[in-house]
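As a plain string of letters, each chain reads:
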Amino acid sequence: MGSLFHGISAAQFDKRFKTDSDCLKFLAQQKWEKEYYCVKCGNTNYCSGKTEFSRRCTRCKYEESATAHTPFHHCKMPILQAFRIFYTVCCTPDISSWELSRTFELRQMTCWKFRKKIIDCLQQK
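Residues numbered from 1 in each chain as written. Predicted model: local features only at pLDDT ≥ 70, side-chain atom pairs only at ≥ 80, totals over all residues. Heavy atoms only, no water.

**Focus on the packing of aromatic side chains**
Part 1 of the reasoning: A complete count under the given rule lists 10 aromatic pairs for this structure.
Part 2 of the reasoning: With a centroid separation of 5.1 Å and an interplanar angle of 55 degrees, the aromatic rings of Phe17 and Phe83 are classed as tilted. Remark: Phe83 occurs in helix H3 (residues 79-91) and Phe17 occurs in the loop between helix H1 (10-16) and helix H2 (20-31); sequence separation between them is 66 residues.
Part 3 of the reasoning: On the basis of relative accessibility, which here comes to 2%, the residue Phe17 falls in the buried class.
Part 4 of the reasoning: Taken together, the ring pairs connect Phe13, Phe17, Phe26, Phe72, Phe83, Phe86, Tyr87 and Phe114 into an aromatic cluster. (Phe/Tyr/Trp six-rings, centres within 6.5 Å; stacked < 30°, edge-to-face > 60°. Helix = DSSP H or I, 4+ residues; strand = E, 2+ residues; numbered from the N terminus. Buried < 20%, exposed > 50% of the residue type's maximum accessible area, 1.4 Å probe, protein only.)

**Observations regarding helix H4 (residues 97-104)**
For an α-helix, 3.6 residues make a turn, and residues three or four places apart therefore share a direction.
Part 1 of the reasoning: All buried positions along H4 are accounted for by Ser97, Leu100, Ser101 and Phe104. Seen from one end, H4 has its buried residues packed into an arc of 100 degrees, which puts them on one side. Residues of H4 that are exposed and point over 90 degrees away from its buried face: Trp98 and Arg102.
Part 2 of the reasoning: Tucked inside the fold, the buried residues of H4 contact H3 and helix H5 (108-124). (Arc of directions from axis to C-beta. Contact = heavy atoms within 4.5 Å.)

Dropping the structure here:
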């Protein structure tokens, strides 16, 4: 996922991701770019879920959000803020959690945990 922001300037990032909906739409496109399949039953047919950009299996009715099974899963901060942190860490992987904390006005431990999740994701690729 880190390579998705490769070569994107801060101005381009801000232009593309203005709202939480922009972020969720992007995640859904990336997540189901090839094809949707239900993680519970393997079905490939779906309908819209109850939340924005979620998908609901037409067979077992399991609903999956765009953030599920991504670094943004169970993220307590607004998705747009999480995207900005993700972008920042992708551009400067050696940024400290203290610097993220100051920049985004979040607790240092929150930034440390999210930064670790991002770095782990980047290293999987």
